[in-house]
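One letter stands for each residue in the lines below.
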Amino acid sequence: QVQLVESGGGLVQAGGSLRLSCAASGRTFSSYAMAWFRQAPGKDREFVAASWSGGRTYYADSVKGRFTISRDNAKNTVYLQMNSLKPEDTAVYYCAAAMGGSVIAKGYNYWGQGTQVTVSS
């Protein structure tokens with residue numbers, strides 16, 4: 001079983017950068033697909049980015065060119081580097097893990113607690 005702990009959220013000005021981290025506990029971390037989702041007030045949880053165990057990555061159109069997902073299997077940690085942040089990026093960001101890759105929330109078995117990202121203008 002996998003437990004996920006997120007960190008790195010906070011307040012940042014528009015145009016700035018922020019890096020989120022997700023530390024995973026579990027002996028089979030490298031076998032899992034990892035993803036980031038976000039949820040803004042009044043909206044459904046939205047796919048942001050995913051990293052398959054083989055290293056292939058996927059991004060929502062809204063963040064392509066600005067966000068980068070990466071993973072360090074030796075440290076059991078997944079990152080989301082967010083650049084050129086916009087106020088519409090404001091949301092609670094969640095880390096998720098699954099044995100098979102997916103771009104929908106139902107495809108993921110394990111979730112972090114969420115971390116708030118607020119982008120001000």
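You'll find the structure just up there.
All figures in this text were calculated on a predicted structure; none of them were measured in a lab.

### Considerations on the packing of aromatic side chains
A ring pair, where both rings are aromatic, is described by two values, the distance of the centres and the angle of the planes.
Part 1: The final tally for this structure, using the stated rule, is seven aromatic pairs.
Part 2: Residues F37 and W111 carry aromatic rings whose centres are separated by 5.2 Å and whose planes lie at 55° to one another, so their mutual orientation is tilted. Here F37, found in strand β4 (residues 33–39), pairs with W111, found in strand β10 (residues 110–111); they are 74 residues apart in sequence, far enough to count as distant.
Part 3: Pairing Y94 with W111 gives two aromatic rings, centres 6.5 Å apart and planes at 80°, and the pair type is edge-to-face.

### Considerations on the sheet that holds strand β3 (residues 18–25)
The pairing of strands in a sheet comes from backbone hydrogen bonds and takes either a parallel or an antiparallel form.
Part 1: Across the sheet, four strands lie side by side as β1-β3-β8-β7; this open sheet has antiparallel pairing. Taken across any chain shown, the strands that pair with only one partner, and hence form the sheet edges, are β1 (3–7) and β7 (67–72). For this sheet the average axis-to-axis angle between neighbouring strands, irrespective of direction, equals 20°.
Part 2: When β1 meets β3, the two strands line up antiparallel, connected through five bridges. Paired with L4 across the two strands is A24, which belongs to β3.

### Re the side chain of S21
Part 1: Within the secondary structure layout, S21 lies in strand β3.
Part 2: Filtering out sequence-adjacent residues up to four positions away, S21 remains in contact with V5, E6, S7, W36, T77, V78 and Y79.

### Here's the deal with the state of the cysteines
Part 1: If you walk through the whole model with that rule in mind, you get one disulfide.
Part 2: The partner cysteine of C22 in its disulfide is C95, sulfur to sulfur 2.1 Å. An S-S torsion of about -80° defines the bridge between C22 and C95 as left-handed. Of this pair, C22 sits in strand β3 while C95 sits in strand β9 (residues 91–98), placing them 73 residues apart in sequence. Like C22, the residue C95 is buried in the burial classification.

### Regarding the side chain of R71
Part 1: Its location among the elements puts R71 in strand β7.
Part 2: Among buried charged residues, R71 stands out as having no salt bridge; its nearest opposite-charge side chain is D72, 8.7 Å away.
Part 3: At 2.8 Å, the side chain of R71 forms a polar contact with the backbone oxygen of Y32.
Part 4: Within polar-contact distance, the side chain of R71 engages the backbone oxygen of S51 at 3.0 Å.

Criteria and cut-off values
Residues numbered from 1 in each chain as written. Predicted model: local features only at pLDDT ≥ 70, side-chain atom pairs only at ≥ 80, totals over all residues. Heavy atoms only, no water. Phe/Tyr/Trp six-rings, centres within 6.5 Å; stacked < 30°, edge-to-face > 60°. Helix = DSSP H or I, 4+ residues; strand = E, 2+ residues; numbered from the N terminus. Pairing = 2+ DSSP bridges. Axes fitted to C-alpha atoms, helices over the stretch in contact; angles between N-to-C directions. Contact = heavy atoms within 4.5 Å. Disulfide = S-S within 2.5 Å. Buried < 20%, exposed > 50% of the residue type's maximum accessible area, 1.4 Å probe, protein only. Lys, Arg positive; Asp, Glu negative; His and termini not counted. Salt bridge = Lys/Arg side-chain N within 4 Å of Asp/Glu carboxyl O. Polar contact = N/O pair within 3.5 Å; in protein donor to acceptor, adjacent residues only side chain to side chain.

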